[in-house]
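Take a look at the letters that make up each chain.
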Amino acid sequence: MTQDELKLAVAQAAISYVVEGEIVGVGTGSTANFFIDELAKIKHKIKAAVASSEATAARLRGHGIEVLDLNDVTSMPVYIDGADEITASGAMIKGGGAALTREKIVASVAKQFICIADGSKLVEKLGGFPLPVEVIPMARESVIRALNDIAGDARLRMKDGQALITDNGNVIVDVHGLQIEDPQELERKINNIVGVVTVGLFAQQGANVCLLGTPDGVKTLTF
Ligand SMILES: O=C[C@H](O)[C@H](O)[C@H](O)COP(=O)(O)O
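Residues numbered from 1 in each chain as written. Predicted model: local features only at pLDDT ≥ 70, side-chain atom pairs only at ≥ 80, totals over all residues. Heavy atoms only, no water.

Trainee: Sorry, what's going on with the site of the ligand here?
Mentor: Around the ligand, 16 residues are found, and the nearest of them are S30, T31, D84, E103 and K121. Within the side chain of S30, one N or O atom sits 2.5 Å away from an oxygen atom of the ligand. Among the residues making up the shell around the ligand, the classes are represented as 3 nonpolar, 8 polar and 5 charged. (Near = heavy atom within 4 Å. Polar contact = N/O pair within 3.5 Å; in protein donor to acceptor, adjacent residues only side chain to side chain. Nonpolar A, V, L, I, M, F, W, Y, C, P; charged D, E, K, R; others polar.)

Trainee: Teacher, can you tell me more about the sheet that holds strand β6 (residues 112-118) here?
Mentor: Paired through backbone hydrogen bonds, the strands of a sheet run either parallel or antiparallel to each other. Strand order in this open sheet of 6 strands is β2-β1-β3-β6-β14-β15, and the pairing throughout is mixed. Among the strands making up the open sheet, the edge pair consists of β2 (48-51) and β15 (217-222). Each strand axis lies, on average, 20° off the axis of its neighbour in the sheet, ignoring direction. (Pairing = 2+ DSSP bridges. Helix = DSSP H or I, 4+ residues; strand = E, 2+ residues; numbered from the N terminus. Axes fitted to C-alpha atoms, helices over the stretch in contact; angles between N-to-C directions.)

Trainee: Even after reading the chapter, I still don't get the domain arrangement of the protein chain, so can you show me in this structure?
Mentor: How big an interface is tends to be expressed through the accessible area that disappears when the partners come together. In terms of domains, the protein chain is made up of domain 1 (3-123 + 204-222) and domain 2 (131-200). Each of domain 1 and domain 2 has a C-alpha centre, and the two are 24 Å apart. With 15 residues of domain 1 at the contact, the number on the domain 2 side is 20 residues. For the pair domain 1 and domain 2, the summed buried surface comes to about 1,300 Å²; carbon and sulfur atoms form 50% of the total. (Domains from an automatic or database assignment. Contact = heavy atoms within 4.5 Å. Buried area = accessible area lost by both parts, 1.4 Å probe.)

Trainee: Looking at this model, I keep getting lost on helix α3 (residues 54-62). Mind explaining?
Mentor: Since the α-helix advances by 3.6 residues per turn, residues separated by three or four positions end up pointing in the same direction. Buried within α3 are the following residues: T56, A57 and L60. Looking straight down α3, one finds that the buried residues subtend no more than 100° of arc, so they occupy a single side. Turned more than 90 degrees away from the buried face of α3 sit A55 and G62, all of them exposed. Along its buried surface, α3 packs onto β1 (23-26), α2 (30-39) and β2. G64 lies just past α3 and shows a positive phi near 80°. (Buried < 20%, exposed > 50% of the residue type's maximum accessible area, 1.4 Å probe, protein only. Arc of directions from axis to C-beta.)

Trainee: I'm lost on the packing of aromatic side chains in this one. Help?
Mentor: Geometrically, a pair of aromatic rings is defined through the distance of the ring centres and the angle of the planes. Using the criterion set out here, one finds 2 aromatic pairs in the structure. Ring plane angle 75° and centroid distance 5.1 Å describe the contact between Y79 and F113, whose orientation is recorded as edge-to-face. With Y79 in strand β3 (residues 78-81) and F113 in strand β6, this residue pair connects regions lying 34 residues apart in the sequence. For the pair Y79 and F113, one class covers both residues: buried. With a centroid separation of 6.3 Å and 80° between ring planes, the pair formed by F113 and F202 is classed as edge-to-face. With F113 in strand β6 and F202 in strand β13 (residues 201-202), this pair connects stretches of sequence that are 89 residues apart. Neither residue differs from the other here; F113 and F202 are each classed as buried. One aromatic cluster is present, built from ring pairs that chain together Y79, F113 and F202. Above the ring of F202, the side-chain terminus of K94 is found at 5.7 Å from the ring centroid. Directly above the ring of F202 sits K104, whose terminal nitrogen or CZ lies 5.1 Å from the centroid. (Phe/Tyr/Trp six-rings, centres within 6.5 Å; stacked < 30°, edge-to-face > 60°. Lys NZ or Arg CZ within 6 Å of the ring centre and 35° of its normal.)

Trainee: Help me out: how do you make sense of the pattern of salt bridges in this one?
Mentor: Opposite charge on two side chains lets them pair, provided their charged atoms get close. The full count for this structure, using the stated rule, is 12 salt bridges. Between K121 and D118 there is a salt bridge, with its nearest N and O atoms 3.9 Å apart. The exposure class of D118 is buried, given its relative accessible area of 1%. With a closest N to O distance of 3.6 Å, E185 and R188 form a salt bridge. A residue pair is termed a helical-turn pair when its members lie 3 or 4 positions apart in one helix, as E185 and R188 do in helix α6 (residues 183-191) at 3 residues. Taking relative accessible area as the criterion, R188 reaches 40% and is therefore assigned partly exposed. (Salt bridge = Lys/Arg side-chain N within 4 Å of Asp/Glu carboxyl O.)

Trainee: What is the right way to look at the sheet that holds strand β7 (residues 131-135) in this model?
Mentor: Ordered by their spatial adjacency, 4 strands build an open sheet running β8-β11-β7-β12, and the pairing between neighbours is antiparallel. Two strands bound the open sheet, and with one partner strand each, they are β8 (154-156) and β12 (196-199). Along the sheet, successive strands turn relative to each other by an average axial angle of 30°, direction set aside. By the bridge criterion, 5 bridges tie β7 to strand β11 (residues 171-175) in an arrangement that is antiparallel. Looking at the pairing, L131 lines up with V175 of β11.

This is the structure in structure tokens:
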């Protein structure tokens, strides 16, 4: 099975977690895109969606799904999104697509985080994937120095020869070469650096369920 087939399989499996007549939180990335396309097939059954990025909002609207401002939402049973890495206890690295801040915000309002990922994302220890950190632009260099002190090898994310700018107008610093022993502790430490908006560690609030795509079928991990 190709990676795309595994992503499609978990996206299809995630549809059973969508609650009829309710609002669904929708993540960002290639796996989330498969989910959006599946959600479109049952769009008459949901009230609306909340998007974790401009790209996701555009894809949802392209399918004729109403996208609500999070400020107008008081209840959201599920948030469904991919991950760059996930552990057997549900801690994740996210933000490979630079959407980590809105993802964490939308996820924090939802009752349940349903992670959809192909089997390659399951790791013993987080950190093989560079850890994204969203940073206020004027604090870029001071945050890079602080991250180098805490963890090491922090690099500004570039796109087309320029610093990548997020949907929130900030930059992303990726911390390379980590082997994260205590994800919750590192999340707290990085959150405490002045100028950091969000760290892409989802450990204090990890996933509740992970639908993992494997050649033997979709495995459901619950945390
Ligand atoms: O910012 C992007 C998100 O955290 C994505 O959910 C994550 O990067 C996984 O993306 P993909 O499904 O494309 O591997």
